[in-house]
Amino acid sequence: MPERKTIERAHKDKREGKAPSTQAGELVREEMHHVREGKHGARSSKQAIAIGLSKARRAGVKLAPPKKGAASSRTRRQASRDVAKAKSGTKRRPSRTRSRAVRQALKREGHAAASHRSLAKQAHASARRRSARQRSAAARKAVRTKGPRERSAAARKAARTRARHH
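Calculation notes
Residues numbered from 1 in each chain as written. Predicted model: local features only at pLDDT ≥ 70, side-chain atom pairs only at ≥ 80, totals over all residues. Heavy atoms only, no water. Helix = DSSP H or I, 4+ residues; strand = E, 2+ residues; numbered from the N terminus. Buried < 20%, exposed > 50% of the residue type's maximum accessible area, 1.4 Å probe, protein only. Core = buried A, V, L, I, M, F, W, Y, C linked by side-chain atoms within 4.5 Å. Contact = heavy atoms within 4.5 Å. Expected span 1.5 Å × (residues − 1). Polar contact = N/O pair within 3.5 Å; in protein donor to acceptor, adjacent residues only side chain to side chain. Patch = residues over 30% accessible without salt bridge, like charges linked within 9 Å, V, L, I, M, F, W, Y side chains within 5 Å. Areas by Shrake-Rupley, 256 points an atom, 1.4 Å probe, with all protein chains shown as cover. Salt bridge = Lys/Arg side-chain N within 4 Å of Asp/Glu carboxyl O. Lys, Arg positive; Asp, Glu negative; His and termini not counted. Charge placed at Lys NZ, Arg CZ, Asp CG, Glu CD. Axes fitted to C-alpha atoms, helices over the stretch in contact; angles between N-to-C directions. Parallel < 35°, antiparallel > 145°, perpendicular 65-115°, else oblique. Left-handed = near helix turned anticlockwise from the far one by under 90°.

Caption draft 1: Here's a closer look at the environment of G38. Tracing the sequence through the fold places G38 in the loop between α2 (20-36) and α3 (45-58). Given the relative accessible area of 38%, G38 is considered partly exposed. When the C-alpha positions of G38 and G52 are compared, they lie 16 Å apart, and in sequence the two are 14 residues distant.

Put into structure tokens, the structure is as follows:
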């Protein structure tokens, strides 16, 4: 179950008109903290992100399941189940045995999946799969929902990146 503070931050993002993926980002961030502080591990950055996205869908973030071909049919089915679970609103107690088994399995995994290096590698790989036009469109959309302080911070970061690459 996500912490109340995390859900509140996701709701704040929604009020500010930010994209569902940004709202879900709060829950993914919480998941990374869990892996870092040793609550449990993850086999890969992808798995840690997937756990966060699943929690986001169950918490009611309007995040559609991945399109056909973008993920395995198993992932897509699970995502649809998560969305349905949020819509139904019924709260059934999770199976204690299954919960414990999942937690034990995740505890056996490492914690490197949430390291800055592996997350940067994952972000870079997914950005590379998108075209320059898509990346540019995403940046333009981000500008529309950012406040002045966030905008100037982003500009500073971009300038730093440009300086490093040239």
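Caption draft 2: Summary view of the nonpolar core. If you look at the biggest cluster of nonpolar residues, it comprises 7 residues: V28, M32, V35, A42, A48, A113 and A114. No other element matches α2, which puts 3 residues into this core. Setting aside residues no more than four positions away along its own chain, A114 makes contact with M32, V35, R36 and L119. Listed in part, the 6 residues of the second largest apolar core include A10, A24, L27 and A56.

Caption draft 3: Examining helix α1 (residues 4-15) more closely. Between its terminal C-alpha atoms α1 stretches 17 Å, which fits the 16 Å expected from 12 residues at 1.5 Å a residue. Where α1 is buried, its residues contact α2. Two residues or fewer past α1, G17 is found with a positive phi of approximately 80°.

Caption draft 4: Molecular detail of the environment of Q78. Tracing the sequence through the fold places Q78 in helix α4 (residues 73-88). Of the residues examined, Q78 reaches a relative accessible area of 30% and is grouped as partly exposed. Taking C-alpha positions, Q78 is 8.4 Å from P65, a pair spaced 13 residues apart along the chain.

Caption draft 5: Representation of the side chain of E26 in the model. Tracing the backbone through its elements, the reader meets E26 in helix α2. Of the residues examined, E26 reaches a relative accessible area of 15% and is grouped as buried. In terms of polar contacts, E26 uses its side chain to reach the side chain of R9, at 2.7 Å. Those residues in contact with E26 that lie beyond four places of it in its chain are T6, R9, A10 and D13.

Caption draft 6: Fine view of the environment of R98. As for its position among the elements, R98 is in helix α5 (residues 96-107). Assessed through its relative accessible area of 63%, R98 is described here as exposed. For R98 and R15, which are 83 residues apart along the polypeptide, the C-alpha to C-alpha distance reads 35 Å.

Caption draft 7: Up close: a positive patch on the surface. Side chains of R74, R77, R81, K85, K91, R92 and R98 sit close together on the surface and give a patch of like positive charge. Positionally, R74 belongs in helix α4.

Caption draft 8: Molecular detail of the packing of α1 against α2. The N-to-C vectors of α1 and α2 enclose an angle of 160°; their axes lie 8 Å apart at closest approach. By the angle class used here, α1 and α2 are roughly antiparallel. Crossing of α1 over α2 shows right-handed handedness. Together, T6, R9, A10, D13 and K14 of α1 and T22, Q23, E26, L27, R29 and E30 of α2 make up the contact between the two elements.

Caption draft 9: Local environment of the pattern of salt bridges. Taken as a whole, this structure holds 9 salt bridges when the rule is applied. Among the ionic pairs, E8 bridges to R4, the shortest N-O distance being 3.1 Å. Here E8 pairs with R4, and both are found in helix α1, just 4 residues apart, close to one helical turn. A residue is classified by how much of its surface remains accessible, and E8, at 39% relative accessible area, is partly exposed. Here R4 falls in the exposed class, since its relative accessible area comes to 64%. Ionic pairing is found between E109 and R43, a salt bridge with its closest N-O pair at 2.7 Å. Of this pair, E109 sits in the loop between α5 and α6 (116-128) while R43 sits in the loop between α2 and α3, and the two are 66 residues apart along the sequence. A relative accessible area of 67% means that R43 is categorised as exposed. Among the charged side chains, a network of salt bridges with common partners joins K12, E16, K18 and E150.

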